[in-house]
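Analysis of the macromolecular model
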Amino acid sequence: MSGLTGTGTLLRLAARRDRVLIPVSALALTALSVGSAQATVALYTDPETAMAELGPVLNAPSTMAMYGPATTTNLEGLSVFKTLLMGAVFVGLLAFAVVRRHTRVEEEDGRLELLGAGVVGRQAPLAAAVALAVLATLVTAGLSVLGFVAIGFPARGSLAFGVAWTIAGLTMTGVTAVAAQLTSSARGAAGWAVGALALLYLVRAIGDSATTDGGRVLRWFSPFGWASQVFPFGKDRLWLVLPALALAAVLVGVAFALLERRDLGAGLFASRPGRAPAPRGLLSPAGLAWRLSRGGFVGWLIGFGVLGLVFGGLVSQVDSMLGDENIQTMLAQMAGVPVDELLSSMAAVYAATMVRFMTVAAAAAGVIVVLRLASEERSVRPEAVLAPAAGRTRWYAAFASLGIVVTAVLILALSVLMGVRGHAALAAAPTVGDLLQGAAEAIPAAW
């Protein structure tokens, strides 16, 4: 039997287990991209009006760092400006989740050892995970292409949009395949893979927001830079999928080579032994909950900090961004204020709206912390915690209270940084105190 024996069977098993995750994710991302594009086209009657309203915002360095350069000046290109790279990140995260779940997570839980006792080759689980991640990427990108064509967008430009998303999915498939071989834990693999995604996005952001030709070269060193340079409904550089295919093939090849050089259940990098005496912080369920969640919390905090600075920098462009009556009405509804109040203090309402919008993400961070209860219980680790006098109530309360704290800290950090950066960019912008008052109103909703 070869190393790939049983790949087809494992692929069907993985697809069966992800029969909800992949379709729901693909449909949600399609609804995001196509729905956003359709709303933009309905908002503006012609590209000249759209560019007059959006031009100053699109050319702001903070906007280009976050979303990349505008793909083109026509209405179709402007309508996919925000969802091109943001959607590519989510497609990359979907590929990451699929590969990690069916490789490192299965190995950590001991299920791959059980499967390996049957007629299953050593390379089959990794091959099946990679194949399913590529399939999920193609399905998600393909549905968006069909959606754009269905609302009347040009077919070639729609295909170029799908190519941009495919680049991200293929890249993260290869990156996660390698990351799954490096450490012996699913959390470690997630750290390597998501860290690589953040680094690639940062390199792209620096390149896209650079003001010199030398700085702009950096965008070509990141697959997310390739995605932004596809320029759907403009230049339509479909050929940029080729370097992504080559990179993914190399990374997957490296992953298979590393797989043969490590033991089952282990990683290429040996786990570091902890200190002989446990830190005092681990003597309680609350300390353990924090220790298990602090890595993810730091990542969320960095992300919210960056977004706070970006949103704060956009405050100075808010007047030009909100010049259209339809946008004013939409933003007033989101902020829950009359249009007259919006016009009297656009910067304040814009900032408050961004805080409320990010409240959803902060709530997601809290949900992830609380869900750690379920994953810990599946790993049987709470048995060791509950054996002494810890108590099930204290164990539950440790994660529930930490989720509440994490949610509040993220919203407060976003508000403070947005207030500091916004007030520096525009004297009339809301102060840190104003935004903290808005955060105090948003935090209970996240809880």
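Higher on the page you've got the structure.
Residues numbered from 1 in each chain as written. Predicted model: local features only at pLDDT ≥ 70, side-chain atom pairs only at ≥ 80, totals over all residues. Heavy atoms only, no water.

Below, the discussion takes up the overall build of the protein chain. Counting secondary structure elements, the protein chain contains 21 helices and 0 strands. Counting only residues that meet the buried cut, the protein chain has 48% of its 447 residues in that class. Sequence separation of 24 or more characterises 76% of the internal contacts of the protein chain that already satisfy a separation of 6 or more. As displayed, the protein chain offers around 20,800 Å² of accessible surface, 67% of which is attributable to carbon and sulfur atoms. (Helix = DSSP H or I, 4+ residues; strand = E, 2+ residues; numbered from the N terminus. Buried < 20%, exposed > 50% of the residue type's maximum accessible area, 1.4 Å probe, protein only. Contact = heavy atoms within 4.5 Å. Areas by Shrake-Rupley, 256 points an atom, 1.4 Å probe, with all protein chains shown as cover.)

This part covers unusual backbone geometry. Here the phi dihedral of Phe-233 falls at roughly 65°; this positive angle occurs in a residue that is not glycine. As for its position among the elements, Phe-233 is in the loop between α12 (223-228) and α13 (241-259). Residue classification places Phe-233 among the buried positions, given a relative accessible area of 7%. Notably, Asp-236 is not glycine yet its phi reads approximately 50°, a positive angle. As for its position among the elements, Asp-236 is in the loop between α12 and α13. Since its relative accessible area comes to 10%, Asp-236 is described here as buried.

The subject of this paragraph is the pattern of salt bridges. Following the criterion strictly, the structure yields 7 salt bridges and no others. A salt bridge links Glu-106 to Arg-111, with the shortest nitrogen-to-oxygen separation between them at 2.8 Å. For Glu-106, a relative accessible area of 6% corresponds to the buried category. Between Arg-372 and Glu-376 there is a salt bridge, with the nearest N and O atoms lying 3.2 Å from each other. Residue Arg-372 and its partner Glu-376 are located together in helix α18 (residues 346-378), separated by 4 residues, close to a single helical turn. Comparing Arg-372 with Glu-376 shows no difference in burial state: the two are buried. In this structure, a network of salt bridges that share partners links the residues Arg-17, Glu-106 and Arg-111. (Salt bridge = Lys/Arg side-chain N within 4 Å of Asp/Glu carboxyl O.)

Moving on, we come to a positive patch on the surface. Taken together, Arg-187, Arg-272, Arg-291 and Arg-294 make up a surface patch of like positive charges. Mapping Arg-187 onto the fold places it in helix α10 (residues 186-209). Taking relative accessible area as the criterion, Arg-187 reaches 37% and is therefore assigned partly exposed. (Patch = residues over 30% accessible without salt bridge, like charges linked within 9 Å, V, L, I, M, F, W, Y side chains within 5 Å. Lys, Arg positive; Asp, Glu negative; His and termini not counted. Charge placed at Lys NZ, Arg CZ, Asp CG, Glu CD.)

Turning next to the environment of Leu-199. Within the secondary structure, Leu-199 is located in helix α10. The class of Leu-199 is exposed, set by a relative accessible area of 53%. Along the primary structure Leu-199 and Ser-222 are separated by 23 residues, whereas in three dimensions their C-alpha atoms are 8.8 Å apart.

On to the side chain of Ser-293. Along the chain, the position of Ser-293 falls in helix α14 (residues 285-313). Apart from residues lying up to four places away in sequence, Ser-293 is in contact with Val-369 and Leu-402.

Across the interface, helix α2 (residues 21-43) lies against helix α6 (residues 81-108) with an axial gap of 11 Å and an inter-helix angle of 175°. As judged from the angle between their axes, α2 and α6 are roughly antiparallel. Across the interface between the two elements, Leu-21, Ile-22, Ser-25, Leu-29, Leu-32, Ser-33 and Ser-36 of α2 pack against Thr-83, Phe-90, Val-91, Leu-94 and Val-98 of α6. (Axes fitted to C-alpha atoms, helices over the stretch in contact; angles between N-to-C directions. Parallel < 35°, antiparallel > 145°, perpendicular 65-115°, else oblique.)

A word on α14. Between the first and last C-alpha of α14 there are 40 Å, a value that for 29 residues agrees with the 42 Å anticipated at 1.5 Å per step. When the local axis directions of α14 are compared, the greatest deviation, roughly 50°, occurs at Ser-293. (Expected span 1.5 Å × (residues − 1). Bend = angle between axes of the 7 residues up to and from the residue.)

The next thing to look at is the nonpolar core. Counting 57 residues, the largest nonpolar core has Leu-126, Phe-148, Trp-165, Ile-167, Met-172, Phe-224 and Val-230 as the members making the most contacts within it. Contributions of two or more residues to this core are made by α2, α6, α8 (124-150), α9 (155-182), α10, α12 and α13. Of all the elements, α9 adds the most residues to this core, at 13 residues. Judged by nonpolar contacts, the second largest core, of 40 residues, contains Val-310, Phe-399, Leu-402 and Ile-411. (Core = buried A, V, L, I, M, F, W, Y, C linked by side-chain atoms within 4.5 Å.)

For the structure shown, the criterion picks out 1 cavity of 30 Å³ or more. The volume enclosed by the largest cavity comes to roughly 100 Å³. Taken together, Leu-10, Leu-13, Ala-14, Arg-17, His-102, Glu-106, Leu-112, Leu-115, Pro-125, Ala-128 and Ala-129 make up the lining of the largest cavity. Counting only elements with at least two residues in the lining of the largest cavity, the list comes to α1 (7-17), α6, α7 (111-116) and α8. In the lining of the largest cavity, the residues fall into 8 nonpolar, 1 polar and 2 charged. (1 Å grid on protein atoms, 1.4 Å probe; cavity = no way out; pocket = protein on both sides within 12 Å on 5 of 7 lines; lining within 4 Å. Points joined across faces, edges and corners; volume = space filled by probe spheres on them. Nonpolar A, V, L, I, M, F, W, Y, C, P; charged D, E, K, R; others polar.)

A few words on the packing of aromatic side chains. Inspection of the entire model under this criterion finds 9 aromatic pairs. Both rings, one in Trp-395 and one in Phe-399, keep their centres 4.9 Å apart while their planes meet at 70°; by these two values the pair is edge-to-face. Within this pair, Trp-395 and its partner Phe-399 are both found in helix α20 (residues 392-425), separated by 4 residues, close to a single helical turn. A residue is classified by how much of its surface remains accessible, and Phe-399, at 0% relative accessible area, is buried. (Phe/Tyr/Trp six-rings, centres within 6.5 Å; stacked < 30°, edge-to-face > 60°.)

Next up on the list: a nonpolar patch on the surface. A contiguous nonpolar patch, built from Leu-199, Leu-202, Ile-206, Val-217, Leu-218, Trp-220, Phe-221, Trp-239, Leu-242 and Leu-245 and spanning about 1,000 Å² of accessible area, is present on the exposed surface. Those elements giving two or more residues to the nonpolar patch turn out to be α10 and α13. If you tally residues by element for the nonpolar patch, the top one is α10, at 3 residues. The partly exposed category is assigned to Val-217, whose relative accessible area is 41%.

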